[in-house]
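# Structure at a glance
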Amino acid sequence: MRVLVTGGAGFIGSHYVRSLLAGEYPAFAGAEVVVLDLLTYAGTRTNLPADGHTFVHGDIRDPAVVGAAMAGTDVVVHFAAESHVDRSITGAADFVSTNVVGTQVLLQAALDAGVGRFVHVSTDEVYGSIDEGSWPETHPLEPNSPYSASKASSDLLARSYHRTHGLPVCITRCSNNYGPHQFPEKVIPLFVSNLLDGKKVPLYGDGLNVRDWLHVDDHCRGIQLVAEKGRDGEVYNIGGGTELTNRELTHRLVAAVGADESMIEKVADRLGHDRRYSVDWSKIADELGYAPRVPFERGLAETVEWYTANRDWWEPLKAR
Ligand SMILES: NC(=O)c1ccc[n+]([C@@H]2O[C@H](COP(=O)([O-])OP(=O)(O)OC[C@H]3O[C@@H](n4cnc5c(N)ncnc54)[C@H](O)[C@@H]3O)[C@@H](O)[C@H]2O)c1
């Protein structure tokens, strides 16, 4: 079996690859693993083990590179994307070209190569913002940021390749991830690394935006269940973390690092800031037996410990 992982040098993709190579997904034991990654500012080979996989340094928007990497592939797990909402507000062009055009290039190559499974890793942000309750997979897509709009576009292209061509696509839509190896522009590693450096942490607006925090290991196990057992053409929400306001999260991080609350600095809110995300993940639980395993208290403590112990990993990335 040959598994092509796009974006495998980033936060979630590298966790998936490390788990796969460590034998945590027995159904894929012995698979040939190929990582395709452009190594943008967000990707680093220091996220990956030195061996056990083939690394292709290339762009998902390049049909020649993608066609060559796709040849002989059985399963595609597509993580590669521009992923940071704030960057999409100051410049959306790369989000459209990588997330939309790049995904279409991959889908076409997968169709041409006759792959048996294409998992498109999407996000709960495609649904927009919800004040109460949780979104089922059937909820309309109402993305609010250029990032989430580009992800919604790629999500719909993936769906269309199933409906039009019968490509065996599954789409996952997950809530906010946390864990080791997350690029230090995202809130948890940004705040932890700032606090470790004695710097203040910028809390957007009133701090009452709510996010569901899921450990990256739980997300990757959900993706793996979908890769193995998902039904063609279906969408699966992945959630079940811990819903917290940004203010609550910040207080926990300050306490975990042993700093004090004077380090919290309120800053102007993010433009178009979604108030709350919440997915209904009963479909993947009922159909595929998914359940998150990492309790937030433990996962967050281990994540803070990891950033504390791995300054060598994040310091150069923060300087990028
Ligand atoms: N981080 C989250 O909380 C979260 C939640 C739900 C879904 N997702 C989705 O999961 C996926 C992975 O997210 P992440 O947080 O690991 O992102 P990340 O930014 O850490 O990693 C993205 C990776 O994609 C690579 N990449 C970017 N453009 C590329 C291109 N044109 N060609 C090839 N490679 C390219 C980068 O080099 C990097 O290694 C994304 O599709 C994202 O939308 C993320």
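Residues numbered from 1 in each chain as written. Predicted model: local features only at pLDDT ≥ 70, side-chain atom pairs only at ≥ 80, totals over all residues. Heavy atoms only, no water.

## A word on the site of the ligand
Neighbouring the ligand are 29 residues, the closest being Ile12, Asp37, Ser83, Tyr147 and Lys151. For the ligand, an oxygen atom lies 3.0 Å from a polar atom in the backbone of Gly10. Residue Asp59 places a side-chain N or O atom 2.9 Å away from a nitrogen atom belonging to the ligand. When the ligand is considered free in solution it has 840 Å² of accessible area, and contact with the protein chains removes 97% of it. Where the shell around the ligand is concerned, the elements lending two or more residues are helix H1 (11–21), strand E5 (117–123), helix H5 (146–165) and strand E7 (176–178). With three residues, E5 is the largest single contributor of residues to the shell around the ligand. In terms of residue class, the shell around the ligand is made up of 13 nonpolar, 12 polar and four charged. (Near = heavy atom within 4 Å. Polar contact = N/O pair within 3.5 Å; in protein donor to acceptor, adjacent residues only side chain to side chain. Areas by Shrake-Rupley, 256 points an atom, 1.4 Å probe, with all protein chains shown as cover. Helix = DSSP H or I, 4+ residues; strand = E, 2+ residues; numbered from the N terminus. Nonpolar A, V, L, I, M, F, W, Y, C, P; charged D, E, K, R; others polar.)

## Thoughts on the nonpolar core
With 34 residues, the main nonpolar core has Val3, Tyr16, Phe28, Val77, Phe79 and Ile223 as its most contacted residues. Among all residues touching Ile223, those that are not within four sequence positions of it are Tyr16, Val77, Phe79, Val119, Val121, Thr172 and Ile238. One finds Tyr41, Trp213, Val254 and Leu300 within the second-largest nonpolar core, a separate group that totals 25 residues. (Core = buried A, V, L, I, M, F, W, Y, C linked by side-chain atoms within 4.5 Å. Buried < 20%, exposed > 50% of the residue type's maximum accessible area, 1.4 Å probe, protein only. Contact = heavy atoms within 4.5 Å.)

## Describing empty space enclosed by the protein
This model, assessed by the stated rule, comprises one cavity of 30 Å³ or more. Quantified by volume, the largest cavity comes out at close to 40 Å³. Around the largest cavity, the lining residues are Val85, Glu125, Ser145, Arg211, Arg270, Leu271, Gly272, His273, Asp274 and Tyr277. Among the residues making up the lining of the largest cavity, the classes are represented as three nonpolar, three polar and four charged. (1 Å grid on protein atoms, 1.4 Å probe; cavity = no way out; pocket = protein on both sides within 12 Å on 5 of 7 lines; lining within 4 Å. Points joined across faces, edges and corners; volume = space filled by probe spheres on them.)

## Some remarks on the pairing of E5
Remark: a regular strand shows side chains that alternate across the two faces of the sheet. Along E5, seven of the seven residues are buried, which leaves the element largely enclosed by surrounding structure. Side chains Arg117, Val119, Val121 and Thr123 of E5 all project onto a buried face; the interleaved residues Phe118, His120 and Ser122 project onto the opposite face, where all are buried too. With four bridges connecting them, strand E4 (residues 75–78) and E5 associate as parallel partners. Residue pairing in the sheet places Val77 in a bridge with Val119 of E5. Here six bridges tie E5 to strand E6 (residues 169–174), and the two strands are oriented parallel to one another. (Pairing = 2+ DSSP bridges.)

## Some thoughts on the sheet that holds strand E2 (residues 32–37)
Strands sit in the order E3-E2-E1-E4-E5-E6-E10 across an open sheet of seven strands; the sheet is parallel. Because the sheet does not close on itself, it has two edges, and the strands there are strand E3 (54–57) and strand E10 (235–238). Along the sheet, successive strands turn relative to each other by an average axial angle of 20 degrees, direction set aside. As judged from the four bridges shared by E2 and E3, these two strands associate in the parallel manner. Looking at the pairing, Val34 lines up with Thr54 of E3. In this fold helix H4 (residues 93–113) packs onto strand E1 (2–6), E4, E5 and E6, with an angle of close to 165 degrees to the strand it touches most, E5. (Axes fitted to C-alpha atoms, helices over the stretch in contact; angles between N-to-C directions.)

## Considerations on helix H7 (residues 216–229)
Across its 14 residues, H7 extends 20 Å between first and last C-alpha, which sits within 8% of the 20 Å expected from 1.5 Å per residue. Most of H7 sits out of view: 12 of its 14 residues are buried. Inspection of H7 places Val216, Asp217, Asp218, His219, Cys220, Arg221, Gly222, Ile223, Gln224, Leu225, Val226 and Ala227 among the buried residues, and these make up the whole buried set. (Expected span 1.5 Å × (residues − 1).)

## Let's talk about the UniProt feature "domain: NAD(P)-binding" (unreviewed entry) in the chain
The residues that UniProt annotates with the feature "domain: NAD(P)-binding" (unreviewed entry) are residues 4–303. The span residues 4–303 shows a helical share of 39% and a strand share of 18%, and its end C-alpha atoms are spaced 28 Å apart. (UniProt positions renumbered as here; feature names shortened; annotations may be inferred.)

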